[in-house]
Amino acid sequence: MVGAGYVGLVTGACLADFGHSVVCVDKDAERIDRLNNGIIPIFEPGLDALVKTNREAGRLRFSTELGPAVNGADAVFIAVGTPSRRGDGYADLTFVYEAAREIAASLDDYTLVVTKSTVPVGTGDEIEDIIRSSRPDADFAVVSNPEFLREGAAIEDFKHPNRIVVGTDEVRARLLMEEIYRPLFLNQSPIVFTDRRTSELIKYAANAFLATKITFINEIADLCETVGADVQDVARGIGLDNRIGNKFLHPGPGYGGSCFPKDTAALIKTGETYGVPLRVVTTVAEVNQRRKRAMADRVAAALGGSVKGKTIAILGLTFKPNTDDMRESPALDIIAALEQLGAKVRAYDPAGMDAARPLLPAITYAVDPYDCATDADALVIVTEWEAFRALNLQRLKSALRQPIIVDLRNIYPPAEMRARGFVYRSIGRSTRDARRDGGDSYSGVETDGLVVEGSGLSERRGLKKEATT
Ligand SMILES: NC(=O)c1ccc[n+]([C@@H]2O[C@H](COP(=O)([O-])OP(=O)(O)OC[C@H]3O[C@@H](n4cnc5c(N)ncnc54)[C@H](O)[C@@H]3O)[C@@H](O)[C@H]2O)c1
């Protein structure tokens, strides 16, 4: 396994758990050192136990030396990063090409070179050329096998995938891939065999489609707020249609993470390269980017129009729960925008603060949600960690300078929050809930769940009624 990051480490550990003998190789000596000392360098639930069991059983090893690992291997997986190339958004394949050259040097008997990294159409051909040109004698096949695991549920996803995609035209390669994934075959996980280029494109099409679904419901959420509809019910109402499906219909601050932003950008570039503009995906990427920063305006609106000089508490920094991954997290854009608007930011995240510190050096880091909320003018829920779903609301309210919560993940019921005296803003859940409550705090003003009356809080705290989103 070349690359011991999120994908390489999880894939390596899971393949070892299937009974295969696996060596995970990484250039990062410190990472390998930690792994050899039983320390898992990433946060991924269940991974520490899986690595431990398989290391102890002698099936999983870690090394910085690629040569000896390739020598004698039946298959070499490339699981290195493919970030966005600076400036143009195309996938940066430097690490992939470098891995291909290094693998070529150590090939001996027939070997599968399996691309697990997400790579643009045609990369398999290039890997084959790189290896062939330096080792015309080598007996090998380059196979595409994109990964679909989700960080935070990676082991479950790897072991119970919706599907496995394998791109190769060679029978021998196909048989070996079947052998590698046999335990999943036995679990009846569907395997899609196709050609290499199609397999490469499947990965990008899947991510672009999911990004589109998220962006679609986000725009519908904005419309809900304006027309007085409820996006949660819209999502349910459309999601129950099997043709649509209920996944990825949760409105929020915009997608982020290590995959969607870079993969949509790379797919758009592929379209441009081949003269086939991908207009839907292009729009999705633009809308999403704008949305992330626009979340800061929502916070300002909840505070009466300005965050200048205010302290904003941010709960959740990672791009989703159960990971420490900060790559392209919406929190980065939201916090940058809040700082630009003159706010002071204090943040708490259960797992992401170490990764966040170098990216967000100017903010203060709290030790828990209540510490984060202390004397803040508003609390913003950015990531829906489980630990944020059942906060002690009384404690939170006493800690805050003003009981204002902007919930960008819709994890609390608006009616309950209002009843507890919070000024509560969420996404796409408009006035309907207030009307359903019997209008105890509903003033007739179109708001997205803002407490305006009833508790008397608004008057006491001098908060303005407003109809903004
Ligand atoms: N993270 C995800 O959720 C996810 C899901 C599906 C697919 N992918 C794709 O998988 C690939 C890997 O993503 P990741 O998140 O695991 O990346 P990552 O940055 O966490 O890990 C990549 C690792 O590869 C190592 N590396 C780079 N060049 C090397 C070389 N020549 N030899 C040895 N090690 C080398 C790096 O040191 C790093 O540890 C990407 O193409 C990504 O798009 C990621």
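The preceding data block contains the structure.
Anyway, here's the lowdown on the structure attached to this text. (Residues numbered from 1 in each chain as written. Predicted model: local features only at pLDDT ≥ 70, side-chain atom pairs only at ≥ 80, totals over all residues. Heavy atoms only, no water.)

**Concerning the overall build of the protein**
Part 1: When helices and strands are tallied, the protein shows 20 helices and 13 strands.
Part 2: Over its C-alpha trace the protein gives a radius of gyration of 25 Å, about what one expects of a compact globule, namely 23 Å for 469 residues.
Part 3: Reported as C-alpha extents along the three principal axes, the dimensions of the protein are approximately 80 × 45 × 45 Å.
Part 4: At a minimum sequence separation of 6, the contacts of the protein that also span at least 24 residues come to 71%. (Helix = DSSP H or I, 4+ residues; strand = E, 2+ residues; numbered from the N terminus. Rg over C-alpha atoms; globule rule 2.2 N^0.38 Å. Contact = heavy atoms within 4.5 Å.)

**Structural notes on the site of the ligand**
Part 1: Neighbouring the ligand are 27 residues; Val7, Asp26, Thr82, Glu151 and Lys262 lie closest to it.
Part 2: At 3.3 Å, a backbone N or O of Lys27 approaches a nitrogen atom of the ligand.
Part 3: When the ligand is considered free in solution it has 830 Å² of accessible area, and contact with the protein chains removes 89% of it.
Part 4: Secondary-structure elements contributing two or more residues to the shell around the ligand are α1 (6-17) and α5 (94-106).
Part 5: Looking at the shell around the ligand, the element that brings in the most residues is α5, giving 3 residues.
Part 6: Counted by class, the shell around the ligand contains 9 nonpolar, 7 polar and 11 charged residues. (Near = heavy atom within 4 Å. Polar contact = N/O pair within 3.5 Å; in protein donor to acceptor, adjacent residues only side chain to side chain. Areas by Shrake-Rupley, 256 points an atom, 1.4 Å probe, with all protein chains shown as cover. Nonpolar A, V, L, I, M, F, W, Y, C, P; charged D, E, K, R; others polar.)

**Overview of the packing of helix α10 (residues 196-227) against helix α11 (residues 231-239)**
Part 1: Between α10 and α11, the shortest axis-to-axis distance is 9 Å and the interhelical angle comes to 135 degrees. What the angle tells us is that α10 and α11 run oblique. Between α10 and α11 lies a crossing whose hand is right-handed. Packed against α10, whose contacting residues are Phe216, Ile217, Ile220, Ala221 and Cys224, the element α11 presents Val231, Val234, Ala235 and Ile238 at the interface.
Part 2: Partitioning the contact of α10 with α11 into residue classes produces 9 nonpolar, no polar and no charged. (Axes fitted to C-alpha atoms, helices over the stretch in contact; angles between N-to-C directions. Parallel < 35°, antiparallel > 145°, perpendicular 65-115°, else oblique. Left-handed = near helix turned anticlockwise from the far one by under 90°.)

**Thoughts on helix α12 (residues 260-273)**
Part 1: With 14 residues, α12 should reach 20 Å at 1.5 Å per residue; the first-to-last C-alpha distance of 20 Å fits that figure.
Part 2: Taken as a whole, α12 has its buried residues at Phe260, Pro261, Lys262, Asp263, Thr264, Ala266, Leu267, Ile268, Thr270 and Gly271.
Part 3: The inward-facing, buried residues of α12 contact α10 and α13 (279-302).
Part 4: One or two residues past the end of α12 sits Gly275, with phi positive at roughly 70 degrees. (Expected span 1.5 Å × (residues − 1). Buried < 20%, exposed > 50% of the residue type's maximum accessible area, 1.4 Å probe, protein only.)

**Side note on the packing of α13 against helix α14 (residues 330-340)**
Working note: a packed helix pair is described by the angle between its axes plus the distance between those axes.
Part 1: Orientation of α13 relative to α14, taken along the N-to-C sense of each, is 50 degrees, at an axis distance of 8 Å. By the criterion of interaxial angle, the relationship of α13 to α14 is oblique. For the pair α13 and α14, the crossing hand works out as right-handed. Every residue of α14 that contacts α13 at Gln289, Lys292, Arg293, Met295, Ala296 and Val299 is listed here: Pro330, Asp333, Ile334, Ala336, Ala337, Leu338 and Gln340.
Part 2: In the contact of α13 with α14, the residues fall into 8 nonpolar, 2 polar and 3 charged.

**Some points on unusual backbone geometry**
Part 1: The residue Phe248 is not glycine, and still its phi comes out positive at about 60 degrees.
Part 2: Secondary-structure assignment places Phe248 in the loop between α11 and α12.
Part 3: Despite not being glycine, Glu328 shows a phi value in the positive range, around 55 degrees.
Part 4: Position of Glu328 relative to the elements: it lies in the loop between β8 (311-315) and α14.

**With respect to the packing of aromatic side chains**
Part 1: As enumerated under the stated definition, the model contains 6 aromatic pairs in all.
Part 2: Between Tyr255 and Phe260, the ring centres sit 5.9 Å apart and the planes meet at 80 degrees, which makes this aromatic pair edge-to-face. Neither Tyr255 nor Phe260 differs from the other in exposure class; each is buried.
Part 3: Centroid distance Tyr348 to Phe388: 6.2 Å. Interplanar angle 65 degrees. Geometry classified as edge-to-face. You can see Tyr348 sitting in strand β9 (residues 344-348) and its partner Phe388 sitting in the loop between β11 (378-381) and α17 (393-399), a full 40 residues away along the chain. (Phe/Tyr/Trp six-rings, centres within 6.5 Å; stacked < 30°, edge-to-face > 60°.)

**A short note on the environment of Asp26**
Part 1: Structurally, Asp26 is set in the loop between β1 (22-25) and α2 (29-36).
Part 2: Relative accessible area serves as the criterion here: at 15%, Asp26 is assigned to the buried category.
Part 3: Spatially, the C-alpha atoms of Asp26 and Thr11 are 14 Å apart, while their sequence positions differ by 15 residues.
Part 4: At 2.9 Å, the side chain of Asp26 and the backbone nitrogen of Asp28 are in polar contact.

**Some details on the pattern of salt bridges**
Part 1: Evaluation of the coordinates by the stated rule reveals 29 salt bridges.
Part 2: Between Asp157 and Arg150 there is a salt bridge; the shortest N-O distance is 2.6 Å.
Part 3: Judged by its relative accessible area of 41%, Arg150 is partly exposed.
Part 4: Here Glu178 and Arg174 are joined by a salt bridge, their closest N and O atoms 3.4 Å apart. (Salt bridge = Lys/Arg side-chain N within 4 Å of Asp/Glu carboxyl O.)

**Some words on the nonpolar core**
Part 1: Counting 61 residues, the largest nonpolar core has Ile312, Ile314, Leu317, Leu338 and Leu379 as the members making the most contacts within it.
Part 2: Contacts of Ile312, omitting those with residues within four sequence positions, involve Val299, Leu303, Val307, Leu338, Ala343, Lys344, Val345, Arg346, Ala378 and Val380.
Part 3: Ala4, Leu15, Ala16 and Cys24 belong to the second-largest nonpolar core, a separate cluster that totals 41 residues. (Core = buried A, V, L, I, M, F, W, Y, C linked by side-chain atoms within 4.5 Å.)

**Considering the sheet that holds strand β10 (residues 364-365)**
Part 1: Ordered in space as β10-β9-β8-β11-β12-β13, the 6 strands form an open sheet in which the pairing is parallel. Two strands close off the open sheet at either side, each with one partner strand: β10 and β13 (423-425).
Part 2: Where β8 lies against β9, 5 bridges are found, and the strand directions are parallel. Note that in β9 the partner of Ile314 across the bridge is Ala347. (Pairing = 2+ DSSP bridges.)

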